[in-house]
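Examination of the molecular architecture
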Amino acid sequence: MSETKETLSGYSDSAYEALGADPARKLYLQYPGLKEAEESGGPKIKSRLDILSLIPRNKIGAEIGVFTGRFSRALINYTKPERLYLVDAWHLLWGSHFPNWNSTAEGKLETDAAIKATRLRTAEPKDVAKIVISESLPWLESLPPLHLDWVYLDSSHGYKKTKMELAAISPKMKIEGLIFLDDCRSDRSHRHHNVFRAVQEFSKETEWEIF
Ligand SMILES: C[S@@+](CC[C@H](N)C(=O)[O-])C[C@H]1O[C@@H](n2cnc3c(N)ncnc32)[C@H](O)[C@@H]1O
């Protein structure tokens, strides 16, 4: 996946804007952290259109690591899933506010706002999105085998956790299922190189192939 060169002053992502008026903007007054985080940057869609085009249509999928649901909205719009599980631990992991990451307005982004934004962004079409407030591993364990057609994994980005998640995802995938990973960086100096390492090892140790 290529990195985008968007400025941090004045968020603009034509691919996101093309989805139409954002129903979560009405939360900006109540949640200044959400407003600041989203107006100053945040997860991008434009740079991930190539991934969206590879995800099979009309299937059962899961986004693990949802944040404020911007990409979830694009997933619904582009891939027309029969069902989409949106799994994030939100306040269970972080309490009332996300840590100080790139796109959290220096720690001012409210976890409660992120859940509400996700609800609004994925409410249509009705009964497609199922929001799951949970850590990834227990949720994966609760699924029946061979349940998912695809997974978009964008959660901890840690080496051990990613390997554990991949191991837990594997038996829940249908034959010929696809696992997409965000921030899989081959550059050893990149802060997300751990994801790349975990995927490489997982593929060597299992029958999963990397495309
Ligand atoms: C990079 S953000 C996800 C961004 C989102 N996919 C997007 O494209 O807009 C990572 C998210 O993963 C969640 N997360 C991190 N570790 C997790 C875990 N073990 N289980 C569930 N969610 C987790 C965080 O709460 C955070 O919202």
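To be clear, the structure that these remarks concern was listed above.
This section reports on the structure supplied with the text. The structure displayed is predicted, hence computed values, not measured ones. (Residues numbered from 1 in each chain as written. Predicted model: local features only at pLDDT ≥ 70, side-chain atom pairs only at ≥ 80, totals over all residues. Heavy atoms only, no water.)

**Thoughts on the site of the ligand**
Every one of the 21 residues lining the ligand counts as a neighbour, but Arg48, Glu63, Gly65, Asp88 and Asp154 are closest to it. One of the backbone N or O atoms of Phe67 is found 3.3 Å from an oxygen atom in the ligand. Measuring from a nitrogen atom of the ligand, one finds a side-chain N or O atom of Glu135 at 3.4 Å. Tallied by class, residues from the shell around the ligand come to nine nonpolar, six polar and six charged. (Near = heavy atom within 4 Å. Polar contact = N/O pair within 3.5 Å; in protein donor to acceptor, adjacent residues only side chain to side chain. Nonpolar A, V, L, I, M, F, W, Y, C, P; charged D, E, K, R; others polar.)

**Some points on the pairing of strand β4 (residues 148–153)**
Moving residue by residue along a regular strand, the side chains alternate between the two faces of the sheet. Where burial is concerned, most of β4 is hidden: six out of the six residues are buried. Summarising the sheet, strand β1 (residues 60–64) and β4 pair through four bridges and their orientation is parallel. The partner of Gly61 across the bridge, within β4, is Trp150. By the bridge criterion, five bridges tie β4 to strand β5 (residues 173–181) in an arrangement that is parallel. (Buried < 20%, exposed > 50% of the residue type's maximum accessible area, 1.4 Å probe, protein only. Helix = DSSP H or I, 4+ residues; strand = E, 2+ residues; numbered from the N terminus. Pairing = 2+ DSSP bridges.)

**Brief notes about the sheet that holds β4**
Taking strand neighbours across the sheet as the criterion, the five strands line up as β3-β2-β1-β4-β5 in an open arrangement whose pairing is parallel. Whereas interior strands pair on both sides, the edge strands pair on one side only; in this sheet they are β3 (129–133) and β5. If you compare each strand with its neighbour and ignore which way they point, the axes differ by 15 degrees on average. (Axes fitted to C-alpha atoms, helices over the stretch in contact; angles between N-to-C directions.)

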